[in-house]
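# Commentary on secondary and tertiary structure
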Amino acid sequence: MHFETLVNGRGPLRHDPFKALVVPRPIGWISSLSREGHVNLAPYSAFNMVGYDPNIVMFASAGRKDSLNNIEATGEFVCNLATYDLREAVVKTSVPVNHGVDEMQLAGLTAAPSLHVKVPRVAESPAALECQYLQTIPVPTLDGSEPQHFMVLGRVVAVYLDDAILTDGKVDIAKLKPLTRLGYLDYGVLEDCFSMPRPKATPDGTGID
Ligand SMILES: Cc1cc2nc3c(=O)[nH]c(=O)nc-3n(C[C@H](O)[C@H](O)[C@H](O)COP(=O)(O)O)c2cc1C
């Protein structure tokens, strides 16, 4: 099958396969503070690294949600690492609640102080990226209608790592077991990895040895 999404959406399928085809997605478990100082926590799988050195992350909000509003108001957020062991709590914190309700508390999690930002990290998560807000990019539409998605960029200013997830000074994926988002109601867990050297430039620049 081969279909044009602008013409017939999900084609003959009952569910749009899009999110099942951009996989696995890392989950940014975003903590933020409201202007009044209330803690907010929610998972975002439209989350990734944008660049490194300086280290920049992004997440995208479908509509204007509390995380986006808080971050724009306070200029800070923390990306806590969502792990397989914390999967139930991760999903629990996606519950739609009134502005000002603390999802960290709701999910039975503990707030731990951050090093560089006022926003607390999730104490139970083995890793966290403390971020300073850079910019919101309203994602343009093809027909010029109002943007539906808002991309938030943040500069990583401090990193928290539980020493227990390290082996020889490197993050050990088998210990970390990151939770990943797949399509539908599906999730994955990353436990395995392998290494491969990158090809070296050839003297003539053709890439052929
Ligand atoms: C694993 C997971 C990933 C999610 N990813 C996104 C996402 O990328 N963008 C989004 O707008 N909502 C996403 N959601 C839904 C939000 O978490 C949910 O709307 C939440 O209530 C937003 O909270 P907030 O208003 O406190 O920011 C996701 C939910 C789950 C369970």
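Residues numbered from 1 in each chain as written. Predicted model: local features only at pLDDT ≥ 70, side-chain atom pairs only at ≥ 80, totals over all residues. Heavy atoms only, no water.

Below, the discussion takes up the layout of surface pockets. One number sums up the size of the largest pocket: a volume of about 960 Å³. Secondary structure elements with two or more residues in the lining of the largest pocket: α2 (18–21), β1 (25–26), β3 (39–44), β4 (47–51), β5 (56–62), α3 (66–74) and α4 (87–92). No other element matches the five residues that β3 contributes to the lining of the largest pocket. Grouping the amino acids of the lining of the largest pocket by side-chain chemistry returns 20 nonpolar, eight polar and six charged. Here the second largest pocket is characterised by a volume of approximately 700 Å³. Lining the second largest pocket are 31 residues; nearest its centre among them are P26, F47, M49, L81 and L129. (1 Å grid on protein atoms, 1.4 Å probe; cavity = no way out; pocket = protein on both sides within 12 Å on 5 of 7 lines; lining within 4 Å. Points joined across faces, edges and corners; volume = space filled by probe spheres on them. Helix = DSSP H or I, 4+ residues; strand = E, 2+ residues; numbered from the N terminus. Nonpolar A, V, L, I, M, F, W, Y, C, P; charged D, E, K, R; others polar.)

The next thing to look at is the pairing of β3. Among the six residues that make up β3, five are buried, leaving the element largely enclosed by the rest of the structure. Across six bridges, strand β2 (residues 28–33) lies against β3 in antiparallel orientation. Along β3, the bridge assignment pairs L33 with V39. (Buried < 20%, exposed > 50% of the residue type's maximum accessible area, 1.4 Å probe, protein only. Pairing = 2+ DSSP bridges.)

Right, let's talk about the packing of aromatic side chains for a bit. Scanning the entire structure with this criterion turns up two aromatic pairs. Centre to centre, the rings of Y44 and F59 are 4.8 Å apart; their planes meet at 55°, and the pair counts as tilted. Highlighted residues: Y44 in strand β3 and F59 in strand β5, separated in sequence by 15 residues. Under the relative-accessibility criterion, Y44 is labelled buried at 7%. (Phe/Tyr/Trp six-rings, centres within 6.5 Å; stacked < 30°, edge-to-face > 60°.)

Taken together, the neighbourhood of the ligand is formed by 17 residues, with N40, Y44, A62, K65 and S67 sitting nearest. Between the ligand and the protein, one listed contact pairs an oxygen atom with a backbone N or O atom of S94 at 3.0 Å. Put simply, the ligand lies in the largest pocket. Of the residues forming the shell around the ligand, the biggest block, four residues, is contributed by β3. Of the residues assigned to the shell around the ligand, the class counts are eight nonpolar, five polar and four charged. (Near = heavy atom within 4 Å. Polar contact = N/O pair within 3.5 Å; in protein donor to acceptor, adjacent residues only side chain to side chain. Sits in = over half its atoms within 2 Å of the grid points.)

Let us look at a nonpolar patch on the surface. A contiguous nonpolar patch, built from L6, V7 and L142 and spanning about 420 Å² of accessible area, is present on the exposed surface. Judged by relative accessible area, V7 falls into the exposed class, the value being 64%. (Patch = residues over 30% accessible without salt bridge, like charges linked within 9 Å, V, L, I, M, F, W, Y side chains within 5 Å. Areas by Shrake-Rupley, 256 points an atom, 1.4 Å probe, with all protein chains shown as cover. Salt bridge = Lys/Arg side-chain N within 4 Å of Asp/Glu carboxyl O.)

Time to look at the sheet that holds β2. Backbone-to-backbone hydrogen bonds join strands into a sheet, with any given pair of strands oriented parallel or antiparallel. In space, the seven strands of this open sheet follow the order β3-β2-β6-β9-β10-β5-β4, with antiparallel pairing throughout. Either end of the sheet is taken by a strand with one partner, and the two such strands are β3 and β4. Neighbour-to-neighbour, the strand axes of this sheet turn through a mean angle of 35°, independent of strand direction. Relative to β5, β4 runs antiparallel, the two sharing four bridges. (Axes fitted to C-alpha atoms, helices over the stretch in contact; angles between N-to-C directions.)

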